[in-house]
Amino acid sequence: MKQNKVILSIVAIFFGLLVLGMTTYNGLVGEQTKVEQAQADVSTALQRRSDLIGNLVESVKGQMNHETEVFTKIADARAKIGSSSVTSEENQKAQGELSSALSRLISLTENYPELKSNQNVEQLMVELSGSENRIFVARKDYNKVAAEYNQKRRSFPTVLFANMMNFKEAETFKETEEAKTVPK
């Protein structure tokens, strides 16, 4: 009789740990999926901006043909933005360079009254501004879900399962050097 109670207790503890492990694993998978979705939202916003920049550059290139340095910087920055993770350091640096070059282009358009009166350029500038806002919101949302995931991943006893199951910490967006300086 006493032996049956011990065996029953061991089986109950085993099943309790199994349920705890499954619940913890499923919770981490759910949080990780939220992080991946938020990262995809950032990628979509960045792609939209990239498409708009291409249209904007083509719209103003003819009238600003002697401003080739700005167009070269934009092209170089767009080329650096690769298939790496949107949160990787090199991608964030390239995004910062693109933002800096874009700020320069926007400030240069102020010197060209014929561009300011061009409806296509004006519409692209408005869409680009909206795109920058979308990127900001998407990055903020991503950082929020990444922080929640990282907090859950580091809490006890989840950290034990997370390390055993190879759940990596999510990277967050950090301020780039270009973002710290005001465009000239």
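Being a predicted model, the structure only gives us computed values, none of them experimental.

**Considering the packing of aromatic side chains**
Then comes step 1: Counted by the stated rule, this structure contains 3 aromatic pairs.
Then comes step 2: With centroids separated by 5.6 Å and ring planes inclined at 70°, the aromatic side chains of Y25 and F167 adopt a geometry described as edge-to-face. Highlighted residues: Y25 in helix α1 (residues 2–61) and F167 in the loop between α6 (158–164) and α7 (177–180), separated in sequence by 142 residues.
Then comes step 3: Assessed through its relative accessible area of 36%, Y25 is described here as partly exposed.
Then comes step 4: Residue classification places F167 among the buried positions, given a relative accessible area of 5%.

**Details of the confidence of the model for the protein**
When pLDDT is low, close inspection of the predicted coordinates is not appropriate.
Then comes step 1: A residue-level look at the protein finds 83% of positions with pLDDT of 70 or above and a mean pLDDT of 80.
Then comes step 2: The secondary-structure element of the protein with the lowest mean pLDDT is α7, recorded at 54, while α6 shows the highest, at 88.

**Quick word on the nonpolar core**
Then comes step 1: One finds I53, L56, I74 and L105 to be the most contacted residues of the largest nonpolar core, which totals 17 residues.
Then comes step 2: Only α1, α2 (68–80), α3 (89–109) and α5 (119–154) provide two or more residues apiece to this core.
Then comes step 3: Considering each element in turn, this core owes the most residues, 5 residues, to α1.
Then comes step 4: Not counting the four nearest positions on each side in its chain, I74 is found in contact with I53, V57, L98, A101, L102 and L105.
Then comes step 5: Among the nonpolar cores identified, the runner-up in size contains 16 residues, and L46, A138, Y142 and Y149 belong to it.

**Some points on the environment of E36**
Then comes step 1: Structurally, E36 can be placed in helix α1.
Then comes step 2: Classification of E36 by relative accessible area gives partly exposed; the value is 46%.
Then comes step 3: As a C-alpha pair, E36 and A146 span 110 residues in sequence and 9.0 Å in three-dimensional space.

**With respect to the pattern of salt bridges**
In a structure, side chains of opposite charge can pair up when their charged atoms sit close to one another.
Then comes step 1: Under the definition given, this model contains 4 salt bridges.
Then comes step 2: The partner of E31 in a salt bridge is K34, with the nearest N and O atoms 3.5 Å apart. Taken together, the positions of E31 and K34, both in helix α1 and 3 residues apart, correspond to about one turn of that helix.
Then comes step 3: Under the relative-accessibility criterion, E31 is labelled buried at 13%.

Conventions and cut-offs
Residues numbered from 1 in each chain as written. Predicted model: local features only at pLDDT ≥ 70, side-chain atom pairs only at ≥ 80, totals over all residues. Heavy atoms only, no water. Phe/Tyr/Trp six-rings, centres within 6.5 Å; stacked < 30°, edge-to-face > 60°. Helix = DSSP H or I, 4+ residues; strand = E, 2+ residues; numbered from the N terminus. Buried < 20%, exposed > 50% of the residue type's maximum accessible area, 1.4 Å probe, protein only. pLDDT = per-residue confidence, 0-100. Core = buried A, V, L, I, M, F, W, Y, C linked by side-chain atoms within 4.5 Å. Contact = heavy atoms within 4.5 Å. Salt bridge = Lys/Arg side-chain N within 4 Å of Asp/Glu carboxyl O.

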